[in-house]
Amino acid sequence: MNGKYTFSIIKPNAVRTGKTGPILSMMNEGGFEITAIKMVQMTLLQAETFYEVHKGKPFYDELVEFMTSGPVVVLILKHENAVEEFRRLIGATDPNKAEPGTIRKTFAVSVKMNAVHGSDSDENAVRESNFFFSDIERFR
Ligand code: CMP
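Reading guide: rules and limits
- Position numbers for residues start from 1 in each chain and track the written sequence from start to end.
- Totals for whole chains, interfaces and linings use every residue, but because this is a predicted model, local features are given only for residues with pLDDT of at least 70 and side-chain atom pairs only at 80 or more, for both listing and counting.
- Side-chain descriptors were evaluated using all non-hydrogen atoms of the structure, hydrogens and water having been removed beforehand.
- Helix and strand labels come from DSSP, where a helix needs a run of H or I of at least four residues and a strand needs a run of E of at least two; each type is numbered from the N terminus.
- Note on definitions: a residue-residue contact is assigned when non-hydrogen atoms from the two residues lie within 4.5 Å.
- Whenever two N or O atoms come within 3.5 Å, that pair is a polar contact, provided that in protein one can donate a hydrogen and the other can accept it, and provided that, for residues adjacent in sequence, both atoms are side-chain atoms.
- A cutoff of 4 Å decides nearness: a residue is near a molecule or strand if any of its heavy atoms lies inside that distance of it.
- Here the accessible surface of atoms and residues is derived via Shrake-Rupley with a 1.4 Å probe, and residues count as covered only by protein chains that are part of the display.
- Residues are called lining when one of their atoms sits within 4 Å of a cavity or pocket point, these points coming from a 1 Å grid over the protein atoms alone, where a cavity is a set in which a 1.4 Å probe fits but cannot get out and a pocket is an open set with protein on both sides within 12 Å along at least five of seven lines.
- Cavity and pocket membership follows a simple rule, namely that a molecule belongs there if more than half of its atoms are within 2 Å of the grid points.
- Each residue gets one of three labels, nonpolar for Ala, Val, Leu, Ile, Met, Phe, Trp, Tyr, Cys and Pro, charged for Asp, Glu, Lys and Arg, and polar for the others, Gly among them.
- A pair of Phe, Tyr and Trp rings is counted when the ring centres sit within 6.5 Å of each other, with Trp represented by its six-membered ring. The angle between the planes then sorts it: under 30 degrees is stacked, over 60 is edge-to-face, the rest tilted.
- When a residue's accessible area, from a 1.4 Å probe over protein chains only, is under 20% of the maximum for its type it is buried; when over 50% it is exposed; and in between it is partly exposed.
- A ring has a charge above it when a Lys NZ or an Arg CZ is no more than 6 Å from the ring centre and no more than 35 degrees off the ring normal.
- We call a set of buried Ala, Val, Leu, Ile, Met, Phe, Trp, Tyr and Cys residues a nonpolar core when their side-chain atoms join them within 4.5 Å.
- This arc describes the spread of directions from the helix axis toward the C-beta atoms.
- By definition here, a salt bridge exists when the distance from a side-chain nitrogen of Lys or Arg to a carboxyl oxygen of Asp or Glu is within 4 Å.

1. Some points on the environment of T49
Inference 1: Tracing the backbone through its elements, the reader meets T49 in helix 3 (residues 44-50).
Inference 2: When the C-alpha positions of T49 and V83 are compared, they lie 21 Å apart, and in sequence the two are 34 residues distant.
Inference 3: Ignoring anything within four residues of it in the chain, the contact list for T49 reads R127 and F131.
Inference 4: Within polar-contact distance, the side chain of T49 engages the backbone oxygen of L45 at 2.7 Å.

In structure tokens form, the structure reads like this:
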């Protein structure tokens, strides 16, 4: 369980407020190599499918609405032990609990609008990467 790749999303609030550049810089400065990147706006159906593991949770509808509210930047990032190392760089889901210097502590405004997503396992990194990227859209 220590793969080389993880998947990330720069969320609509962060894109909308011009934080894409600073967040990409923090990813690079954190030692992550960007091996795939694009900007997309998810349809309702795409967001519902992407977040189907959260279906039934109290925040699900709000999450889907938020994630379709504007364009997002999706990425595949390369690093040794990528999933765990990236979760360390972004910090806790709740920005109030995130360590100083993490991406979420710096840019998140709430648990929902927490600036970035990072995969929580190698399996999900693969699933999420394949959801957004075809083979010719990514470098290895
Ligand atoms: P992320 O881990 O990227 O993917 C699931 C998202 O659900 C999470 O980020 C938060 O943005 C959102 N989320 C989790 N818990 C809550 C909550 N209690 N209220 C609102 N949104 C939440």
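2. Focus on the site of the ligand
Inference 1: Neighbouring the ligand are K11, Y51, H54, F59, L63, R104, V111, K112, N114 and H117.
Inference 2: Taking N114, its side chain carries an N or O atom lying 3.3 Å from an oxygen atom of the ligand.
Inference 3: Taking H117, its side chain carries an N or O atom lying 2.7 Å from an oxygen atom of the ligand.
Inference 4: Its free accessible area being 460 Å², the ligand has 77% of it covered by the protein chains.
Inference 5: Mapping the ligand onto the cavity grids shows that it belongs to the largest pocket.
Inference 6: Residue composition of the shell around the ligand, grouped by class: four nonpolar, three polar and three charged.

3. Things to note about the packing of aromatic side chains
Inference 1: Enumeration according to the criterion identifies seven aromatic pairs in this entry.
Inference 2: Look at F7 and F50: their rings are 6.0 Å apart centre to centre, the planes differ by 55 degrees, and that puts the pair in the tilted class. Taken together, the residues span a long stretch of sequence, with F7 in strand 1 (residues 5-10) and F50 in helix 3 at a distance of 43 residues. Judged on exposure class, the residue F7 and its partner F50 are both buried.
Inference 3: Seen in terms of ring centroids, F50 and Y51 are 4.9 Å apart; in terms of plane orientation they differ by 90 degrees. Their pairing is edge-to-face.
Inference 4: According to the relative accessible area criterion, F50 is buried, its value standing at 2%.
Inference 5: Look at Y51 and you get buried, because its relative accessible area is 5%.
Inference 6: Clustering of aromatic rings is evident, with ring pairs tying together F7, F50, Y51, F131 and F132.
Inference 7: The ring of F50 has R127 sitting right over it, with the charged end atom 5.8 Å from the ring centre.
Inference 8: Lying across the ring of Y5, R138 places its NZ or CZ 5.1 Å from the centre.

4. Examining the nonpolar core
Inference 1: Ranked by internal contacts, the top residues of the largest apolar core, which has 18 residues, are I10, I23, M27, L75, F86 and I103.
Inference 2: At four residues, the largest contribution of residues to this core is made by helix 2 (residues 20-29).
Inference 3: Of all hydrophobic cores here, the second largest spans 17 residues; its members include F50, L63, V74 and F133.

5. Things to note about helix 2
Inference 1: Among all positions of helix 2, only T20, I23, L24, M26 and M27 are buried. Seen along its axis, helix 2 keeps its buried residues to an arc of 160 degrees; they face one direction.

6. So, the pattern of salt bridges
Side chains that differ in charge, positive against negative, can pair when their charged atoms come close.
Inference 1: Counting across every chain of the model gives five salt bridges.
Inference 2: A salt bridge links D135 to R140, with the nearest nitrogen and oxygen atoms 2.8 Å apart. An identical accessibility class is assigned to D135 and R140; each is exposed.

Any functional reading would require information that these geometric values do not contain.
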